[in-house]
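Observations on the three-dimensional arrangement
The primary structure of each chain is shown beneath.
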Protein chains: 2
Amino acid sequence: MANTTVKSFEIPNFAFENGAVIPSAKLCYLDINPSASKTALVITCFRGRLQSTLNFADGALKDHRVIVVALFGNGESSSPSNAEGFPESLRYMDCVRAQKELLTSHLGLQSVDVVVGFSMGGQCTYHWSVMYPEFVRNAVIICSSARTSKHNYQFLEGPKAALENAVDFVDKSLATSSGPSRGVCAFGKAYSAWLTSAEWFDEEQYKSLGYETLEDWDTDISSKGYTGWSAEDLLIMLRMWQAGDISTAVPSNDKSLESALSSIKARVLLMPCQTDQYFRPDPNEREARSIPSATVEVIPSIWGHIAGGGANPADTKWMDAKISAFLKAAS
Amino acid sequence: MANTTVKSFEIPNFAFENGAVIPSAKLCYLDINPSASKTALVITCFRGRLQSTLNFADGALKDHRVIVVALFGNGESSSPSNAEGFPESLRYMDCVRAQKELLTSHLGLQSVDVVVGFSMGGQCTYHWSVMYPEFVRNAVIICSSARTSKHNYQFLEGPKAALENAVDFVDKSLATSSGPSRGVCAFGKAYSAWLTSAEWFDEEQYKSLGYETLEDWDTDISSKGYTGWSAEDLLIMLRMWQAGDISTAVPSNDKSLESALSSIKARVLLMPCQTDQYFRPDPNEREARSIPSATVEVIPSIWGHIAGGGANPADTKWMDAKISAFLKAAS
């Protein structure tokens, strides 16, 4: 993945869906290969930073200008942790409207050839496709969904409760200055078993990542891995995820999911992972039936959800080939 | 299910696996239909009480004397919440040895026709079958495993961390006197999405239980449903579950799981549920290959793990028929 400088773009007096207005909303982004004629927008995922986001710039998108943009709340773009007076709640529509400003007003684009997103990035891509159907020619939605399922919603209640009831979240004076708080680590623990799959644990695949024991893996995944993450940022993104639903983003009287899906003009590639425990293939298969032009390619992997984020090189290669073929068929 | 009086049996100077000895260990149990000639032992599950344990006494076990016994740590039998000086850790071997005392010394039995257990009760049944192979003629193991999988272990780390880091667990003086603590409710939240299945949530099956919304269901499942449960009891049982492994219960030099499974003399019926998110059918299929006489019957249900505990009447009827047929084939 290309490593480029983080740029930023400020939008004055940005109004959020919940009514709050902040004097300046900042979007952080990477602009990779800016002279290419085709354009791709890649959106970060939950707990994703710009530089570690899988962007396919060296593969399927090598002939694209690749703009990687950080979701509000990720700690790079405006977030509770870095913007005073940041609103209490966020919606994907906020992120999409700001990103549209970046692409049009700042970068002078009239459309993008492809929007790519994994997980929350995929949900944001879905929201793009219904909010600005003329702007998005192709959408690649990886391990994600058009509407957060009730199962996914309920799973997220776990890490949320672990954090919100933690001793050093309730009493902030107890938080240590170094390393993640007890609350954030409890969040990480309650999240950890969902990340991959039961088969992945059976096969002790954490060893393929260099961990000798499950406990070693857990220490990184549930604790150290959260270094630098603010509790408030995690929570506002989590609630945005829970509220994810493209039918609420459509300016129509018919608020059904099917109606929202049928309004999409982009060619859509849905890539769920076979063993993803929360963004599952079944809902993608159902969604595809209502999208005018949709293809579903199921990642054949035991890496579960994080296969889609680039956790396993073989899966990344597989996805890259599928995206290449999908984009080639468009031209 | 028959409703009978809770009886109890005290074992003086009971020595636990971890070396602790308590002056008196109490086992609570039900003795249903005590004049029947055949005998069944039914063991409670995690967070299970005697009177609400599915016991098949009106169905597959109607011609059996059904002895339902509470695991140590469940709050009825000796537990951190009711026994001063209770050990810091428990193993299934402790429960099995005490239950054997109950059945032999107190009830005068030389063997049991069938041991039945769901979930942790199923793991305890597995331990019975390897610790006293001559004592158990048939074993019915529902939504369980011979060894807690690493995935299952890691999932349990979530509720555990939610509880152990909670403000009113760390500082007990903050606990309210009525209702479950914040820590126990956070535990419940982190557990809740695992109970059933993604398909169950998709179909909004909580409505079939009389809940109008997911939130209504959640309130009962994650909070009210824990009324009367002690944090310490939940934690000691959870750790016993995490340590569940029949290969550690066999008095042999060969500590492999296969070797332990092959030592079982009972006819075994394994009944995993198709959609169980943590006690899955695959490991049961693998286990069955090493057990001299095993049958696997997969519960065809979207109720996930709790199908095996009697959450859905249709599944209970299905299991009852399978147990009847299994026991009939034995005689």
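Each remark here, short or long, concerns the structure printed above.
In this text, all values refer to a predicted model and were calculated from it rather than measured experimentally.

1. Here's the deal with the overall build of chain A
Each helix and strand in chain A was counted, giving 11 helices and 8 strands. Taking 20 Å as the expected radius of gyration for a compact globule of 331 residues, we find that chain A reaches 19 Å, a close match to that expectation. With respect to the principal axes defined by its C-alpha atoms, chain A has extents near 55 × 50 × 40 Å. Within chain A, the proportion of its 331 residues that are buried is 59%. Considering only residue pairs separated by 6 or more positions, chain A has 75% of its internal contacts joining residues 24 or more positions apart.

2. Here's the deal with the pattern of salt bridges
Residue and element names in this part refer to chain A. The full count for this structure, using the stated rule, is 34 salt bridges over all chains. Across the salt bridge formed by Glu 232 and Lys 172, the nearest N and O atoms sit 3.9 Å from each other. In this pair, Glu 232 is assigned in helix α8 (residues 231-242) and Lys 172 in the loop between α4 (167-170) and α5 (182-192), connecting sequence segments 60 residues apart. Relative accessible area serves as the criterion here: at 35%, Glu 232 is assigned to the partly exposed category.

3. Looking at the sheet that holds strand β6 (residues 136-142) of chain B
Residue and element names in this part refer to chain B. Here we have 8 strands laid out as an open sheet, ordered β1-β2-β4-β3-β5-β6-β7-β8, and mixed in their pairing. Bordering the open sheet on either side are β1 (7-15) and β8 (294-296), each of which pairs with just one other strand. Here the average twist between neighbouring strands, direction ignored, is 20 degrees. Here 5 bridges tie β6 to strand β7 (residues 267-271), and the two strands are oriented parallel to one another. Bridge pairing in β7 links Ala 139 to Val 268. Set on the sheet, helix α2 (residues 120-131) makes contact with β3 (38-43), β5 (112-118), β6 and β7; between it and β5 the angle comes to about 145 degrees. Sheet strands in contact with helix α11 (residues 313-330) are β4 (64-69), β5, β6 and β7, and its direction is about 165 degrees off that of β7.

4. Points about unusual backbone geometry
Of note in this structure, Asn13(A) is not a glycine but carries a positive phi near 45 degrees. If you check the backbone angles, Arg47(B) has positive phi at about 60 degrees while not being a glycine. Take Arg47(B): it is sitting in the loop between β3 and β4.

5. Focus on the interface of chain B and chain A
Counting residues at the interface gives 36 residues for chain B and 36 residues for chain A. A combined buried area of about 2,900 Å² lies between chain B and chain A, and 58% of that area is made up of carbon and sulfur atoms. Looking at the side of chain B facing chain A, the largest losses of area belong to Lys150(B), Gln154(B) and Asn165(B), adding up to 21% of the total buried there. Applying the counting rule to chain B against chain A returns 10 salt bridges. A salt bridge links Glu157(B) to Lys189(A); the shortest N-O distance between them is 2.7 Å. Joining chain B to chain A, the criterion identifies 20 residue pairs in polar contact (both at pLDDT 80 or more). For the side of chain B that touches chain A, the secondary-structure elements that each account for two or more residues are α3 (150-164), α4 (167-170), α5 (182-192), α6 (198-202) and α7 (214-223) of chain B. For the side of chain B that touches chain A, the leading source of residues is α3(B), giving 10 residues. Its residues assigned to classes, the side of chain B that touches chain A shows 16 nonpolar, 9 polar and 11 charged.

6. Some points on the packing of aromatic side chains
Going through the model one piece at a time under the given rule, you end up with 53 aromatic pairs over all chains. A centroid spacing of 5.4 Å and a plane angle of 55 degrees characterise the contact between Phe16(B) and Phe72(B), whose relative ring orientation is tilted. Of the two residues, Phe16(B) is situated in the loop between β1 and β2 (21-32) and Phe72(B) in the loop between β4 and α1 (92-106); the sequence distance between them amounts to 56 residues. For the residue pair Phe16(B) and Phe72(B), the accessibility class agrees, reading buried in each case. The side chain of Arg47(A) reaches across the aromatic face of Tyr226(A), ending 3.7 Å from its centre.

7. Looking at the relation of the copies chain B and chain A
Mapping chain B onto chain A is achieved by rotating through 180 degrees and translating by 0.0 Å along the same axis, at an RMSD of 0.0 Å. Expressed as an axis order, the relation between the two copies is that of a two-fold axis. Counting the interface residues of chain B, we find that 100% of their copies in chain A are interface residues as well, pointing to one common contact surface.

8. A look at the environment of Glu297(B)
Residues and elements named next belong to chain B. Structurally, Glu 297 can be placed in the loop between β8 and α11. The class for Glu 297 is partly exposed, based on a relative accessible area of 24%. It is 20 Å that separates the C-alpha atoms of Glu 297 and Ser 149, two residues lying 148 residues apart in sequence. Contacts of Glu 297, omitting those with residues within four sequence positions, involve Leu 269, Leu 270, Met 271, Pro 272, Trp 318 and Lys 322.

9. Here's the deal with the pairing of strand β3 (residues 38-43) of chain A
Along a regular strand, successive side chains alternate from one face of the sheet to the other. All names here are of chain A. Buried residues dominate β3, accounting for 5 of its 6 residues. Relative to strand β4 (residues 64-69), β3 is paired through 6 bridges, and the arrangement is parallel. In the strand pairing of β4, Thr 39 is matched with Arg 65. Strand direction decides the pairing type here: β3 and strand β5 (residues 112-118), joined by 4 bridges, are parallel. Residue pairing for β5: Ala 40 is matched across the bridge by Val 114.

10. A word on α3(B)
All names here are of chain B. Helix length check: α3 (15 residues) gives 20 Å between terminal C-alpha atoms against 21 Å at 1.5 Å per residue, within 8%. Where burial is concerned, most of α3 is hidden: 12 out of the 15 residues are buried. The set of residues buried in α3 consists of His 151, Asn 152, Gln 154, Phe 155, Leu 156, Glu 157, Gly 158, Pro 159, Lys 160, Ala 161, Ala 162 and Leu 163.

11. With respect to the nonpolar core
Core analysis: the largest hydrophobic core is formed by 150 residues, its most contacted members being Phe72(A), Trp241(A), Phe72(B) and Trp241(B). With residues near it in sequence (within four places) discarded, Trp241(A) still touches Phe46(A), Tyr92(A), Met120(A), Gln123(A), Thr148(A), Asn152(A), Phe155(A), Leu156(A), Tyr191(A), Tyr278(A) and Phe279(A). Leu50(B), Val66(B), Cys143(B) and Phe326(B) belong to the second-largest nonpolar core, a separate cluster that totals 37 residues.

12. Focus on the sheet that holds strand β1 (residues 7-15) of chain A
Residues and elements named next belong to chain A. Taken in spatial order, the 8 strands of this open sheet run β1-β2-β4-β3-β5-β6-β7-β8, and their pairing is mixed. Pairing within the sheet leaves two strands with one partner each, and these edge strands are β1 and β8 (294-296). Neighbour-to-neighbour, the strand axes of the sheet open up by a mean angle of 20 degrees, direction not taken into account. Looking at chain direction, strand β7 (residues 267-271) and β8 are connected through 3 bridges and run parallel. When the sheet's bridge partners are listed, Leu 269 is paired in β8 with Thr 295. On the sheet, helix α11 (residues 313-330) packs against β4, β5, β6 (136-142) and β7 and is oriented at approximately 165 degrees with respect to β7.

13. Digging into the side chain of Asn152(A)
All names here are of chain A. Topologically, Asn 152 is positioned in helix α3 (residues 150-164). The exposure class of Asn 152 is buried, given its relative accessible area of 0%. Looking at Asn 152, its side chain comes within polar contact range of the side chain of Trp 241, at 3.4 Å.

Parameters and conventions
Residues numbered from 1 in each chain as written. Chains lettered and ligands numbered in written order. Predicted model: local features only at pLDDT ≥ 70, side-chain atom pairs only at ≥ 80, totals over all residues. Heavy atoms only, no water. Helix = DSSP H or I, 4+ residues; strand = E, 2+ residues; numbered from the N terminus. Rg over C-alpha atoms; globule rule 2.2 N^0.38 Å. Buried < 20%, exposed > 50% of the residue type's maximum accessible area, 1.4 Å probe, protein only. Contact = heavy atoms within 4.5 Å. Salt bridge = Lys/Arg side-chain N within 4 Å of Asp/Glu carboxyl O. Pairing = 2+ DSSP bridges. Axes fitted to C-alpha atoms, helices over the stretch in contact; angles between N-to-C directions. Buried area = accessible area lost by both parts, 1.4 Å probe. Polar contact = N/O pair within 3.5 Å; in protein donor to acceptor, adjacent residues only side chain to side chain. Nonpolar A, V, L, I, M, F, W, Y, C, P; charged D, E, K, R; others polar. Phe/Tyr/Trp six-rings, centres within 6.5 Å; stacked < 30°, edge-to-face > 60°. Lys NZ or Arg CZ within 6 Å of the ring centre and 35° of its normal. Least-squares fit on C-alpha atoms with pLDDT ≥ 70 in both. Expected span 1.5 Å × (residues − 1). Core = buried A, V, L, I, M, F, W, Y, C linked by side-chain atoms within 4.5 Å.

By themselves, these are just geometric observations and shouldn't be taken as functional.
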